[in-house]
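Chain and residue survey
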Amino acid sequence: MTTLDPAAPPADDVDLVLRHVSRRFPEHFARALLPPGSAVASAAWLDTQVTARQRRLDRALDVRTRAGERRLLHAEWQLRFEADLPFRVYEYHALLAFALHDEWQASRAAGAAPGGGEAPPPIESSVVLLSGREEPWPEWGQYATSPPDAPFSGVRFRIDAVYQRRVAELEARGSPLWMIFAPLAIDATPARMAEVVEALRRQSSPRDFDELAVALTVLADADGRGRPGLQQAIMAHLPKELVMQNWIYKQGLAKGIEQGIERGIESGIEKGRAQLLERLFERRLGRPLGESERGTLARRLAALGADRLGDLALELSAEGLTAWLSDPHAR
């Protein structure tokens, strides 16, 4: 068994960009996770109100097909298949089922809907692999809690190793979203990447193209096969200012870390984080921050942390960010 050695960007970079684009394009994300031939009527990221479960339960898509079927699609993207991954999928799957059952029971007890409301939907888990071994993965993985000689109990999950697909296979999914994984495909070449950029431009609105092009560039940096020229071919077909914005996150963070090392104190890292968050907010708002807004951002960075502020910057609209900055009680 041969394993690729991923010379990838920090996992946080990849996770950040994938969380962002998947939240912007939930129906496109769901389309490739549903059985072939399924038509998506609606798809939205689940927002469970259960607070007793102290885990993140925000990685599940609530999907309805045009045939009226409802299911939850729990998706994980991973740079590689780690030994504890099957258990983590099982754990999340179970926690999600518990949370949904709690909400259903609370709804029934409150008489919120005749007949106790809609029962919790089935859950399907998928793992999207970005790098790893060359040997083909099976279609399904599992975590078993039952003995080998007993009927199966546990969780089975789909394995979608996008890095083992060809560019044409990703194109056949019929969604610009899944084309961002083209730099990881087994037949990715610089010439092919130029074609992918132009295809994305044709199929997307200008704003969507910007989002997808940045994701395409970041994922080209995650190619574990060490193939030269993929990222450069993509960047050559993008506006200069978009490419520069793409590197603000990594350059700002690297600068902050470098300052922290040189000074021997944590303040360098914190300063770098504050600067890159200010730039990210300004990029999303489409304008410079005011002095009072900078002060608000600095206070909330200290109180809420960089992860929370980064999520808000990527998930809220410009109007929502403006309201969040002006609300003294916002969290």
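Whatever comes next refers back to the structure up there.
These remarks concern the structure in this document. (Residues numbered from 1 in each chain as written. Predicted model: local features only at pLDDT ≥ 70, side-chain atom pairs only at ≥ 80, totals over all residues. Heavy atoms only, no water.)

1. Quick notes on the overall build of the chain
Note the cut-off: Secondary structure elements follow DSSP: runs of H or I no shorter than four residues count as helices, runs of E no shorter than two count as strands, and numbering proceeds from the N terminus. Note on exposure labels: buried denotes an accessible area under 20% of the residue type's maximum, exposed denotes more than 50%, and partly exposed covers the range between, all computed with a 1.4 Å probe on protein chains only. Only heavy atoms matter for contacts: two residues are in contact if any of them lie within 4.5 Å across the pair. Computed with the Shrake-Rupley method and a 1.4 Å probe, the accessible areas treat only the protein chains shown as cover for residues.
When helices and strands are tallied, the chain shows twelve helices and six strands. A burial count over the chain gives 45% of its 331 residues as buried. Residue pairs in contact within the chain that sit at least 24 positions apart in sequence constitute 63% of those at least 6 positions apart. Counting every atom, the chain has about 16800 Å² of accessible surface; 53% of that belongs to carbon and sulfur.

2. With respect to the packing of aromatic side chains
Aromatic ring pairs are described here by two measures, namely the spacing of the ring centres and the angle between the planes. Put simply, the rule reads: Paired rings are identified among Phe, Tyr and Trp, the last through its six-membered ring, by centres lying within 6.5 Å, and are further divided according to the angle between planes into stacked (under 30 degrees), edge-to-face (over 60) and tilted (the rest). Two conditions define a charge located above a ring, namely a distance within 6 Å from the ring centre to NZ of Lys or CZ of Arg, and an angle within 35 degrees of the ring normal.
Under the criterion given, the structure shown has ten aromatic pairs. When the centroid spacing of 4.8 Å and the interplanar angle of 25° are considered together, the rings of Phe81 and Trp137 count as stacked. With Phe81 in the loop between strand E3 (70–78) and helix H3 (85–110) and Trp137 in the loop between strand E4 (123–129) and strand E5 (140–144), this residue pair connects regions lying 56 residues apart in the sequence. Ring plane angle 25° and centroid distance 6.5 Å describe the contact between Phe81 and Phe157, whose orientation is recorded as stacked. Of the two residues, Phe81 is situated in the loop between E3 and H3 and Phe157 in strand E6 (residues 154–161); the sequence distance between them amounts to 76 residues. Taken together, Phe29, Trp45, Trp77, Trp178 and Phe181 form an aromatic cluster joined through their ring pairs. Between the NZ or CZ atom of Arg23 and the centre of the ring of Trp45, over which it lies, the distance is 5.2 Å.

3. Details of the pattern of salt bridges
Let me state the cut-off plainly: Any carboxyl oxygen of Asp or Glu within 4 Å of a side-chain nitrogen of Lys or Arg constitutes a salt bridge here.
This structure, assessed with the given rule, holds 20 salt bridges. Linked through salt bridges whose partners overlap, the residues forming this network are Arg24, Asp208, Glu211 and Arg284.

4. A closer look at helix H10 (residues 291–304)
What counts here: Each helix should span, by expectation, one fewer than its residue count multiplied by 1.5 Å. Directions drawn from the helix axis to the C-beta atoms are what define this arc.
Here H10 contains 14 residues, and its C-alpha end-to-end distance of 20 Å stays within 8% of the 20 Å for a straight helix at 1.5 Å per residue. Of all the positions in H10, only Glu293, Thr296, Leu297, Arg300 and Leu301 are classed as buried. Projection of H10 onto a plane perpendicular to its axis shows the buried side chains occupying an angular sector of 135°, all on one side. Residues of H10 that are exposed and point more than 90 degrees away from the buried face comprise Glu291, Ser292, Arg299, Ala302 and Ala303. Looking one or two places after H10, you find Gly305, whose phi comes out positive at around 95°.

5. Some thoughts on empty space enclosed by the protein
Over the atoms, a rolling probe the size of a water molecule traces out where space has been left empty. To keep it simple, the criterion reads: The pocket and cavity definitions rest on a 1 Å grid over protein atoms only: a 1.4 Å probe that fits but cannot leave marks a cavity, an open set with protein on both sides within 12 Å along at least five of seven lines marks a pocket, and residues lining either have an atom within 4 Å of a point. Grid points are joined across faces, edges and corners, and a volume is the space filled by probe spheres set on the points. Side-chain classes follow a simple rule in which Ala, Val, Leu, Ile, Met, Phe, Trp, Tyr, Cys and Pro form the nonpolar group, Asp, Glu, Lys and Arg form the charged group, and the remainder, Gly included, forms the polar group.
Taken as a whole and judged by the stated rule, the model has two cavities of 30 Å³ or more. When its volume is computed, the second largest cavity comes out at roughly 40 Å³. Lining of the second largest cavity is provided by Leu16, Arg19, His20, Arg23, Asp311, Leu314 and Glu315. Within the residue set of the lining of the second largest cavity, elements represented by two or more residues are helix H1 (11–24) and helix H11 (306–315). Among the residues forming the lining of the second largest cavity, the class breakdown is two nonpolar, one polar and four charged.

6. Details of the nonpolar core
Counted only if it meets this: What makes a nonpolar core is a set of buried Ala, Val, Leu, Ile, Met, Phe, Trp, Tyr and Cys residues whose side-chain atoms join them at distances within 4.5 Å.
Counting residues in hydrophobic clusters, the biggest one holds 60 residues, and the most contacted among them are Leu18, Phe29, Leu130, Trp178, Ile180, Phe181 and Met193. Those residues in contact with Phe29, other than ones at most four positions away along the chain, are Ser22, Trp45, Leu61, Ala75, Trp77, Leu177 and Trp178. Counting residues in hydrophobic clusters, the runner-up holds 14 residues, among them Leu276, Leu297, Leu321 and Trp324.

7. Regarding the packing of helix H5 (residues 190–203) against helix H6 (residues 206–220)
Where we set the bar: Axes here refer to lines fitted to C-alpha atoms; in helices the fit is confined to the stretch in contact. Angles between the N-to-C directions go from 0 to 180 degrees. The cut-offs work like this: below 35 degrees is roughly parallel, past 145 is roughly antiparallel, 65 to 115 is roughly perpendicular, and the gaps in between are oblique. The sense of a crossing depends on the near helix, which, turned anticlockwise from the far helix by less than a right angle, makes the crossing left-handed and, turned clockwise, makes it right-handed.
Interaxial distance between H5 and H6 falls to 9 Å at its minimum, and their mutual angle equals 160°. If you check the angle between H5 and H6, you find them roughly antiparallel. Considering only the axes of H5 and H6, their crossing is right-handed. Contacts between H5 and H6 involve Val196, Val197, Leu200 and Arg201 on the former and, on the latter, Phe209, Leu212 and Leu216. Split by residue class, the contact of H5 with H6 holds six nonpolar, no polar and one charged.

8. Describing the side chain of Thr65
Counting through the fold element by element, Thr65 comes out in strand E2 (residues 60–65). A relative accessible area of 8% places Thr65 in the buried class. Dropping the residues within four chain positions of it, Thr65 is found in contact with Leu34, Ala39, Val40 and Ala41.

9. Topic: the sheet that holds E3
To keep it simple, the criterion reads: Should DSSP find at least two bridges between two strands, the strands are taken to pair.
Taken together, the six strands give an open sheet; going across it, the order is E1-E2-E3-E4-E6-E5, and neighbouring strands pair in mixed fashion. At either end of the open sheet lies a strand with only one pairing partner, and these are strand E1 (40–45) and E5. When the angles between neighbouring strand axes are averaged without regard to direction, this sheet yields 30°. Bridge count between E4 and E6: five bridges; the pairing is parallel. Pairing of Leu129 across the sheet is with Ala161, part of E6. The strands touched by H3 within the sheet are E2, E3, E4, E5 and E6, with E4 carrying the most contacts at an inclination of about 150°.

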